[in-house]
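# Overview (structure and organization)
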Amino acid sequence: GRLIRLPGRFLQSADEFFKAVNLSAARHALAYREAQKEDSAGFRRGMAVAKYLAKEPSEEIDEKAGAEMLYRVFQKPLGPLGKRISGFRYVNLGWLPNPIKYIIPFVRTPINIAGYALERTPLDLLRYLSKDERKRLRGGELSEQLAKPLMGTLIGLYVMQLVTEGLLTGSGPDNPDERRVLYESGWQPYSIRIGDRYYSFGRMEPIGSLFGMAADLKEGWDKMDPEDRSEIVSRIVNSITKNLTSKTYLRGLTEAANAISDPARYGENYVQRLAGTLVPTGVAQAARAADPT
């Protein structure tokens, strides 16, 4: 059990390391923002920042820095919808094990990664048109929030250019025969082409999601007839959906849906993969049951 849990312990160690880095970064950013309000410049501004960092941070700064740290490591507390999804994993089914735990083993991190990527799409600009959002955000916070979709859009436009040049790929064609021909040539989806080889960017989160969404949107746009291109919003939504469901952290949910909708094609492979994930879980459960403490 101790050996099987090693990957989880390494992940937790990396998590704590980056929490410390981001907490320090957030405190420095907030201290700089406070120093800027004093209308200081150059050396005086540097001294003002040092003053805010040297003294005991206020409760407000600590709270804001802590929230920013959790946001940066994708551990932000879930909203109402996320809590409902997470709650399904703990529904008591009596003597039966809850299968949702195996279909969706992780909830908070995947939802936060997806939200982080979506905040950097053009669709997020619509959120700032509401009165409530404009009243809530002021000054540095407003510019920081607006920078997310603007920078994400600029990255997306550059990715579209790379797709046009054949240096970056999206999900590829839906036709199985066309996909097979591409695979035989060495092509692979959601990848960067360097020379004659393709390197997947699927796990480079959250930047991988931005790349994938932009690449899917460009591929879909090229396939559309000119008269259908007015449906740009539906194309954006479709590219977002297709990209997020291809991620490794949502593979369990996607594979379960495929097995239910087409058991003849996907059912057997899904059961075999699910059985493989139960083995380490079963060993850890046995170790806990045998432990006298």
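Just so we're clear, the structure is a prediction, and the values are computed from it rather than from any experiment.

## Comments concerning the overall build of the chain
Looking only at helices and strands, the chain has 13 helices and two strands in total. Burial analysis of the chain (293 residues in total) assigns 29% to the buried set. Within the chain, residue pairs in contact and separated by at least 24 positions form 59% of the contacts whose partners lie at least 6 positions apart. Put simply, the chain shows about 19200 Å² of open surface, and 61% of that area lies on carbon and sulfur atoms.

## Quick look at unusual backbone geometry
Here the residue pair Glu205 and Pro206 is connected by a cis peptide bond, since its omega of 0° sits within 30 degrees of zero. Position of Pro206 among the secondary structure elements: in the loop between β2 (197-200) and α10 (207-223). Positive phi, close to 60°, is recorded for Phe74, a residue that is not glycine. Since its relative accessible area comes to 15%, Phe74 is described here as buried. With a phi angle near 45°, Tyr190 is a residue other than glycine that sits in the positive phi range.

## Focus on the packing of aromatic side chains
By the definition in use, this model includes six aromatic pairs. Centroid distance Phe201 to Phe211: 5.6 Å. Interplanar angle 80°. Geometry classified as edge-to-face. Placement of Phe201 in the loop between β2 and α10 and of Phe211 in helix α10 is noted, with a sequence separation of ten residues between them. Summarising the burial analysis for this pair, Phe201 and Phe211 share the class buried.

About the criteria used
- Residues numbered from 1 in each chain as written.
- Predicted model: local features only at pLDDT ≥ 70, side-chain atom pairs only at ≥ 80, totals over all residues.
- Heavy atoms only, no water.
- Helix = DSSP H or I, 4+ residues; strand = E, 2+ residues; numbered from the N terminus.
- Buried < 20%, exposed > 50% of the residue type's maximum accessible area, 1.4 Å probe, protein only.
- Contact = heavy atoms within 4.5 Å.
- Areas by Shrake-Rupley, 256 points an atom, 1.4 Å probe, with all protein chains shown as cover.
- Phe/Tyr/Trp six-rings, centres within 6.5 Å; stacked < 30°, edge-to-face > 60°.

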